[in-house]
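Residues per chain are reported as follows:
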Amino acid sequence: MEKRGKGTRVVIIGTGFVGSSYAYALLNQGVVDELVLVDLNKEKAEGDAMDLNHGMPFGSPMRIWAGTYQDCSEADLVVITAGANQGPGETRLDLIEKNAKIFKNIVASVMDSGFNGIFLVATNPVDILSYATWKFSGLPMERVIGSGTILDTARFRFLLGQYFDVDSRNVHAYIMGEHGDTELPVWSHADIGGKPILTYVKEDNHVEMNELDTIFTNVRDAAYHIIERKGATYYGIAMGLVRLTKAILRNENSVLTISTLLKGKYGLDDVYIGVPAIVNRQGIREVLELNLSEEEHKKLHHSASVLKQAMKPVHDIV
Ligand code: NAD
């Protein structure tokens, strides 16, 4: 085990497409002081550490090595990107049993190290595996965060930015619910620089609701479209994970759509699901409860009931 230096340490469990892209983005953006790579395939983690280290003269100084679960004892953040990914035509929920069993071992190994930081989960189905991580770890829910709909929200903002020909950073719009087939667009709170998108629909002849609906469908099905073309998706989520890492380690109090445990908000209980929340050094500071339209509220409840139903195999493993 490497002794902790000064500064922040992130451990990535699973250096496949998503984990290694996240590592590369962390190095490029100079976010952490120490980065540890752990994978079942030790040689893959070693190769990634060597390759990333060779980019160091072009980036910011940091320490990167292929490590073990022992290195989690000193970690601020453990990011889990390990496990099976979707094959063509497979839904995220198809991965539950395989990945829940893998998670039981991973989370036990991390906790055995004496880890006392924050978990960030990206493996799919992310809402269910975040719930499993919370249960397996015994940590407070604030410190077990799923990437949730952070990527879906980014896809949504990008496509709306293209449609309105506006910088996607000035598009404020959320995707909530399952990171998967039952997610929903929150049109009632979507705006461009403060002007509601639903006002554009009413006032501007060039903005059609059916075209906006198609944008949402493309967001929801984006992973299928990318997987058909190149087998996996990883750059977008990697940048989303970096965004979350900064919000946590730099105590930013940023509003991001992540997966967290609901305890009454939106009338939901005992389910990890994608909602906007304030994220800081403590993890989840607060879930934002938006005043959803009746239809959005119904869709969110439907999404939660699908997740709860799908969670049954996890309850058996816990
Ligand atoms: P991948 O197959 O490229 O990588 C998975 C890695 O996990 C492999 O290197 C494998 O050796 C490792 N692994 C497997 N079991 C392990 C264990 N027990 N301990 C340690 N390492 C282990 O897959 P990927 O494309 O990187 O995808 C990883 C996960 O991320 C998938 O579940 C995928 O669906 C998910 N994903 C999530 C989002 C999101 O928005 N949350 C986006 C894209 C992908």
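Residues numbered from 1 in each chain as written. Predicted model: local features only at pLDDT ≥ 70, side-chain atom pairs only at ≥ 80, totals over all residues. Heavy atoms only, no water.

**Student:** Requested: an account of the UniProt feature "binding site: beta-D-fructose 1,6-bisphosphate" (unreviewed entry) in the protein chain, with residues and values cited.
**Tutor:** Summarizing the sequence annotation, UniProt attributes the feature "binding site: beta-D-fructose 1,6-bisphosphate" (unreviewed entry) to Arg 157 and His 172 in the numbering used throughout. These annotated residues cover 16 residues of sequence, but their C-alpha atoms sit close together, with the largest distance between any two at 7.0 Å. You can see Arg 157 is positioned in helix H5 (residues 150-164). Relative accessible area serves as the criterion here: at 26%, Arg 157 is assigned to the partly exposed category. Other than its neighbours up to four places away in sequence, Arg 157 contacts Ser 168, Arg 169, Val 171 and Ala 173. Along the chain, the position of His 172 falls in strand E7 (residues 171-172). His 172 sits in the partly exposed class, given a relative accessible area of 40%. When residues no more than four places from it in sequence are discounted, the contact partners of His 172 are His 189, Ala 190, Asp 191 and Gly 193. (UniProt positions renumbered as here; feature names shortened; annotations may be inferred. Helix = DSSP H or I, 4+ residues; strand = E, 2+ residues; numbered from the N terminus. Buried < 20%, exposed > 50% of the residue type's maximum accessible area, 1.4 Å probe, protein only. Contact = heavy atoms within 4.5 Å.)

**Student:** Describe the site of the ligand, and please don't skip the residues or the numbers.
**Tutor:** In the vicinity of the ligand there are 23 residues, among which Val 18, Asp 39, Ala 84, Asn 85 and Asn 124 approach most closely. Residue Phe 17 places a main-chain N or O atom 2.9 Å away from an oxygen atom belonging to the ligand. Ala 84 is positioned with one of its backbone polar atoms (N or O) 2.9 Å from an oxygen atom of the ligand. Contact with the protein chains removes 85% of the 860 Å² of surface that the ligand exposes when unbound. For the shell around the ligand, the secondary structure elements donating two or more residues are helix H1 (17-29) and helix H3 (96-112). In terms of residue class, the shell around the ligand is built from eleven nonpolar, eleven polar and one charged. (Near = heavy atom within 4 Å. Polar contact = N/O pair within 3.5 Å; in protein donor to acceptor, adjacent residues only side chain to side chain. Areas by Shrake-Rupley, 256 points an atom, 1.4 Å probe, with all protein chains shown as cover. Nonpolar A, V, L, I, M, F, W, Y, C, P; charged D, E, K, R; others polar.)

**Student:** Break down the packing of H3 against helix H4 (residues 126-137) for me, citing the residues and quoting the values.
**Tutor:** Running from N to C, H3 and H4 cross one another at 35°; their axes reach a closest spacing of 9 Å. The handedness of the crossing between H3 and H4 is right-handed. From H3, Ile 96, Asn 99, Ala 100, Phe 103, Lys 104, Val 107 and Met 111 reach across to H4, where they touch Ile 128, Leu 129, Thr 133, Phe 136 and Ser 137. Considered class by class, the residues forming the contact of H3 with H4 number eight nonpolar, three polar and one charged. (Axes fitted to C-alpha atoms, helices over the stretch in contact; angles between N-to-C directions. Left-handed = near helix turned anticlockwise from the far one by under 90°.)

**Student:** Tell me what's going on with the nonpolar core, and back it up with residues and numbers.
**Tutor:** Core analysis: the largest hydrophobic core is formed by 91 residues, its most contacted members being Val 10, Ile 13, Tyr 22, Leu 35, Val 78 and Tyr 266. In terms of residue count, the dominant contributor to this core is helix H9 (residues 235-249) (eight residues). Excluding residues that lie within four positions of it along the chain, Tyr 266 makes contacts with Met 176, Val 275, Pro 276, Val 287, Leu 288, Glu 289, Leu 290, Leu 292, His 297, Leu 300 and His 301. Phe 164, Tyr 200, Val 207 and Phe 216 belong to the second-largest nonpolar core, a separate cluster that totals 16 residues. (Core = buried A, V, L, I, M, F, W, Y, C linked by side-chain atoms within 4.5 Å.)

**Student:** Go over the pattern of salt bridges with me, naming the residues and quoting the values.
**Tutor:** Taken as a whole and judged by the stated rule, the model has eleven salt bridges. For Arg 63, the salt bridge is made with Glu 34, and the minimal N-O distance between the two is 2.7 Å. Here Glu 34 lies in strand E2 (residues 34-38) and Arg 63 lies in strand E3 (residues 63-66), a separation of 29 residues in the sequence. Relative accessible area serves as the criterion here: at 2%, Glu 34 is assigned to the buried category. Its salt-bridge partner being Glu 252, residue Arg 243 comes within 2.9 Å of it at the nearest N-O pair. On the basis of relative accessibility, which here comes to 31%, the residue Glu 252 falls in the partly exposed class. Shared partners join several salt bridges into a network, and the residues in it are Arg 9, Glu 34 and Arg 63. (Salt bridge = Lys/Arg side-chain N within 4 Å of Asp/Glu carboxyl O.)

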